[in-house]
Amino acid sequence: MSARSWRSGDRGVPGALALTEAATRIQDGAPGVTGEIWDDATAHFDQSELSAIILDIALTNFFNRINRTIREPAGKAW
């Protein structure tokens, strides 16, 4: 499934992707997680689901930044 089809999907997938993108983009002046993005996510996910999504976002971003720091492309050595 492509990102394009996910963005038009159901059950909050577009909202989760928007939340992920907003939380991840930190270097290009993006506004971060806006009220609209947060409201959309909370309309589709309960607190437990949002906690899991946010933790997944944070862990992925954490490992991506470590890999970038040590110049190890994700998936190359694993």
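See the structure shown above.
Residues numbered from 1 in each chain as written. Predicted model: local features only at pLDDT ≥ 70, side-chain atom pairs only at ≥ 80, totals over all residues. Heavy atoms only, no water.

### As for the environment of G32
Here's step 1: Locating G32 in the fold gives a position in the loop between α2 (13-24) and α3 (35-44).
Here's step 2: Judged by its relative accessible area of 19%, G32 falls in the buried class.
Here's step 3: Each C-alpha atom of the pair G32 and A22 lies 4.7 Å from the other, and the pair is 10 residues apart in sequence. (Helix = DSSP H or I, 4+ residues; strand = E, 2+ residues; numbered from the N terminus. Buried < 20%, exposed > 50% of the residue type's maximum accessible area, 1.4 Å probe, protein only.)

### Thoughts on the environment of R25
Here's step 1: By secondary structure assignment, the location of R25 is in the loop between α2 and α3.
Here's step 2: As for R25 and N61, which are separated by 36 residues in sequence, their C-alpha atoms are 9.9 Å apart.
Here's step 3: There is a polar contact of 2.6 Å between the side chain of R25 and the side chain of D28. (Polar contact = N/O pair within 3.5 Å; in protein donor to acceptor, adjacent residues only side chain to side chain.)

### Digging into the nonpolar core
Here's step 1: Counting residues in hydrophobic clusters, the biggest one holds seven residues: A16, L19, A41, F45, L50, I53 and I57.
Here's step 2: Elements with a minimum of two residues in this core: α2 and α4 (47-69).
Here's step 3: Apart from residues lying up to four places away in sequence, A41 is in contact with L19 and L50. (Core = buried A, V, L, I, M, F, W, Y, C linked by side-chain atoms within 4.5 Å. Contact = heavy atoms within 4.5 Å.)

Honestly, it's all geometry; don't read function into it.
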